[in-house]
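As a plain string of letters, each chain reads:
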Protein chains: 2
Amino acid sequence: MTKTLTELRATAPWLLHVSTDIVIFTIREGELRVLLRRRYSEAMSVTCWALPGGYLGPVEPLEQCAQRTLAHQTGIDDVYLEQLYTFGRPDRHPKSRVITVAYFALIPWERVCAESAEGVPHIAWRHVDALPDLYLDHAEIIDQARQRLVSKLQYSTIGFEFMPEQFTLGELQCVYETILGEPLDKRNFRKKVLAFGCVEDTGEQRRNGSHRPARLYRYTAPGEVLYIK
Amino acid sequence: MTKTLTELRATAPWLLHVSTDIVIFTIREGELRVLLRRRYSEAMSVTCWALPGGYLGPVEPLEQCAQRTLAHQTGIDDVYLEQLYTFGRPDRHPKSRVITVAYFALIPWERVCAESAEGVPHIAWRHVDALPDLYLDHAEIIDQARQRLVSKLQYSTIGFEFMPEQFTLGELQCVYETILGEPLDKRNFRKKVLAFGCVEDTGEQRRNGSHRPARLYRYTAPGEVLYIK
DNA sequence: CCAAAAGTGTTGTTTATACACCCATGT
DNA sequence: ACATGGGTGTATAAACAACACTTTTGG
C-alpha cells in the first residue's frame, strides 16, 4: 500500500478507475460556449482539447471531485453544478478502464475569473457548434449536457444561472434565444418571466447606448433552480 | 495479477469499486412495487433486503452489467432500462469504496418470470410505500427512481412499459392512477392517450366479468419511449 | 431629429378541465 | 333485472401565440 494512486493507475490497468468531467457553459457574444483545457493525453501521446476533470480521491464525494478539479484547473468555483450522466464504455480509454461521472455547470460570463479568461494558454471557451477534436468521448458528453440544458430551460429557472446579480430582461431573453437557437417574442417572453414570480425590479436602471435605459432585475432565488408550471 | 477481483475487493479496500443497482418497478394489485432480493451483507454481517445489482466486470459496459446482474439474480431480461444516477458517497459502504451506477427498469406484471414470481424465497415485490429497511442507501435510490418515473410519465410514453402486448384503456388508466396516486377523468384520459397517436385498436376485445367487453389496444412503438407534446 | 433598444395589451387559437348518460355483458 | 365497468361529447376556463406602436436616450 505504498504505491501512490497515480502509480497504481499506471501499473494496474485492469483495475477500474473513476473520474469526473465537467461541462461548463457560459454565454458570450451571443454564443453558447463550453470551457476546454489543453491536456497531454498519455494514452495517445498527443496534446488535445478536453473537458476539465480528474480522478476521484479515495474518500472524496463525487460532486466534490468535480468542484475540486474544476477549481484547480480553471480557478472557477461556486457555480451551479449538476450530475449529468455516467459514461463507462470499456474501450473509452485506450490504456485502462475509466468510468467517468459527468457533471454540467453554468456560469455567467461576468464571473469567469482571470485564470480561465479569454487569452489564457491551455484554456478556451469554444462555441458548442464549433468544437475541435476532443479527448476520448468528451464530444458526446458535451452533446448530452447541451440537450439537458435545452430541456431544463423549458421547465425550470436554470437559465438564471447564466445571469449576473443584476440583469435586464432583454439580456435574459438573449440568453434564452442563444440556447434555444430561435428568436422569441419580446412581450410574451417578459410576461412569462414575470409570471415565474422569481424576479424583482431592483429600482435601478442600466444606460447602455443611445436608447432608453433598461430596468435591472434580480433573481430572487440565487443559486437555486426552481421548477415552473 | 493472479488475484481474482473478489479477492482484490477484500484485500484492497482503499481501491475504488464500481457496481450497478437496478430499481425495477411493476404494477400489481393497484400498487407500484419494486423488486427486492434478500442478500447477506458481508459489510454488516446480516442479511437484509437490497436491490438487485452487482460489481462491474473489467471489460463490461455499465448497462450490460445492470442487465447481467438483473438477469442472473432475478431471471428478468429484455426490459426497459435507463440510467438513473450515480451514488458515490465515500461512506456509503462501510468496508470499501463502492460507486454505484443506479438504473431503473419497468416490467409488466405479466412478464415477470417464475424465477422472481411471488412466493420465491429471497425475492419480494414490495409496495414502494411500505419498504423494509434496506441495504446501504438503496432506499434513497428507490426514492429517486420513483421521482423520475412520476416526472417521465408526464412527458413521455414510459407508462406503456408496464403494459403487456395488448391492453385496455381502462388498464392503462389504472397504471397512471397508481403511479400518480390520484384518480383521473376517464374521458379526458382516453382523449389524451388516443391523441398521442401511438396506440392502435387491435380489433379484439377482452371479456372480463359481468359487464361490457373492453377493446384491446396495442402500443405501436414497443420497447421505445416517445416524448409527447 | 434620427437610430436603437425598452417597454406595454389585446385578440384569436389551442389546450386542459369539468361533467353525466347509455352500452354490453354475466349472474 | 341489476350490477359492473366500457364507452362517448360538450361547454368553460386557462394557457399560449401572434402582433404594432410609444418611450427614452445618445449622438
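Since we're looking at a predicted model, the values are computed, not measured.

A. Layout of the protein's contact with DNA strand C. With respect to spatial proximity, 20 residues lie near DNA strand C, and among them Lys 186, Arg 190, His 211 and Arg 215 of chain A together with Ser 210 of chain B are the closest. Sugar plus phosphate, as a fraction of atoms of DNA strand C within 4 Å of the protein: 41%. A distance of 3.2 Å separates a base nitrogen of DNA strand C from a polar side-chain atom of Arg 187 of chain B. Within the side chain of Asn 188 of chain B, a nitrogen or oxygen atom sits 2.9 Å from a base nitrogen of DNA strand C. Secondary structure elements with two or more residues in the surface near DNA strand C: α5 (186-196) and β10 (214-219) of chain A together with α5 (186-196) of chain B.

B. Region of interest: the pattern of salt bridges. Applying the stated criterion across every chain, the model contains 30 salt bridges over all chains. In this structure, Arg 218 of chain B engages Glu 165 of chain B in a salt bridge whose closest nitrogen and oxygen atoms are separated by 3.5 Å. Taken together, the residues span a long stretch of sequence, with Arg 218 of chain B in strand β10 (residues 214-219) and Glu 165 of chain B in the loop between α3 (138-155) and β8 (166-167) at a distance of 53 residues. A cluster of three or more residues bridged by salt bridges with shared partners is formed by Arg 28, Glu 29, Glu 31, Arg 33 and Glu 118 of chain A.

C. Spatial organisation of the sheet that holds β10 of chain A. Residue and element names in this part refer to chain A. Judged by pairing direction, the sheet is antiparallel, and its 3 strands sit side by side in the order β8-β10-β9 without closing on themselves. In this open sheet, the two edge strands, each paired with only one partner strand, are β8 (166-167) and β9 (199-206). When β9 meets β10, the two strands line up antiparallel, connected through 5 bridges. Across the sheet, the residue bridging to Arg 206 is Ala 214, located in β10.

D. Broad picture of the interface of chain B and chain A. Counting residues at the interface gives 22 residues for chain B, matched by 22 residues for chain A. For the pairing of chain B and chain A, the buried interface totals around 2000 Å² over both sides, and the portion due to carbon and sulfur atoms is 69%. The interface formed by chain B and chain A contains 9 residue pairs in polar contact (both at pLDDT 80 or more). At the level of secondary structure, the elements contributing two or more residues to the side of chain B that touches chain A comprise β1 (16-28), β5 (80-87) and β6 (97-106) of chain B. If you tally residues by element for the side of chain B that touches chain A, the top one is β5 of chain B, at 4 residues.

E. Fine view of the relation of the copies chain B and chain A. Least-squares fitting of chain B to chain A yields an RMSD of 0.0 Å, with the transformation described by 0.0 Å of translation along the axis and a rotation of 180 degrees. Such a combination of rotation and displacement between the chain copies is what one expects of a two-fold axis. Residue by residue, 100% of the interface of chain B is reproduced at the interface of chain A, so both copies engage with the same surface.

F. Local environment of the protein's contact with DNA strand D. Taken together, 20 residues are adjacent to DNA strand D, and Ser 210 and Arg 212 of chain A together with Lys 186, His 211 and Arg 215 of chain B come closest. For DNA strand D, the backbone portion of the atoms within 4 Å of the protein, that is sugar and phosphate, comes to 36%. Arg 187 of chain A is positioned such that a nitrogen or oxygen atom in its side chain is 3.2 Å from a base nitrogen of DNA strand D. Here a base oxygen of DNA strand D sits 3.0 Å away from a polar atom, N or O, in the side chain of Lys 191 of chain B. When contributions to the surface near DNA strand D are tallied by element, the ones reaching two or more residues are α5 of chain A together with α5 and β10 of chain B. Among the elements that make up the surface near DNA strand D, the one with the highest residue count is α5 of chain B (4 residues). Tallied by class, residues from the surface near DNA strand D come to 3 nonpolar, 6 polar and 11 charged.

G. Just the nonpolar core, in detail. Core analysis: the largest hydrophobic core is formed by 44 residues, its most contacted members being Val 18 and Ile 24 of chain A together with Val 18 and Ile 24 of chain B. For this core, the secondary-structure elements that each account for two or more residues are β1 (16-28), α2 (62-74), β6 (97-106) and β7 (123-127) of chain A together with β1, α2 (62-74), β6 and β7 (123-127) of chain B. Leaving out residues up to four positions away in the same chain, Val 18 of chain A has contacts with Tyr 55, Leu 56, Leu 62, Ile 99 and Val 101 of chain A together with Leu 16, Val 18 and Ile 99 of chain B.

H. Here's a closer look at the layout of surface pockets. Its boundaries defined by the atoms lining it, the largest pocket holds a volume of some 1400 Å³. At the level of elements, β5 (80-87) and α3 (138-155) of chain A together with β5 and α3 of chain B are the ones that each hand at least two residues to the lining of the largest pocket.

I. Quick peek at unusual backbone geometry. If you check the backbone angles, His 122 of chain A has positive phi at about 70 degrees while not being a glycine. For His 122 of chain A, the position within the fold is in the loop between β6 and β7. In this structure His 122 of chain A comes out as exposed when scored by relative accessible area, which is 54%. Positive phi, close to 45 degrees, is recorded for Leu 136 of chain B, a residue that is not glycine. Position of Leu 136 of chain B relative to the elements: it lies in the loop between β7 and α3. Classification of Leu 136 of chain B by relative accessible area gives partly exposed; the value is 24%.

Analysis parameters
- Residues numbered from 1 in each chain as written.
- Chains lettered and ligands numbered in written order.
- Predicted model: local features only at pLDDT ≥ 70, side-chain atom pairs only at ≥ 80, totals over all residues.
- Heavy atoms only, no water.
- Near = heavy atom within 4 Å.
- Polar contact = N/O pair within 3.5 Å; in protein donor to acceptor, adjacent residues only side chain to side chain.
- Helix = DSSP H or I, 4+ residues; strand = E, 2+ residues; numbered from the N terminus.
- Salt bridge = Lys/Arg side-chain N within 4 Å of Asp/Glu carboxyl O.
- Pairing = 2+ DSSP bridges.
- Contact = heavy atoms within 4.5 Å.
- Buried area = accessible area lost by both parts, 1.4 Å probe.
- Least-squares fit on C-alpha atoms with pLDDT ≥ 70 in both.
- Nonpolar A, V, L, I, M, F, W, Y, C, P; charged D, E, K, R; others polar.
- Core = buried A, V, L, I, M, F, W, Y, C linked by side-chain atoms within 4.5 Å.
- Buried < 20%, exposed > 50% of the residue type's maximum accessible area, 1.4 Å probe, protein only.
- 1 Å grid on protein atoms, 1.4 Å probe; cavity = no way out; pocket = protein on both sides within 12 Å on 5 of 7 lines; lining within 4 Å.
- Points joined across faces, edges and corners; volume = space filled by probe spheres on them.

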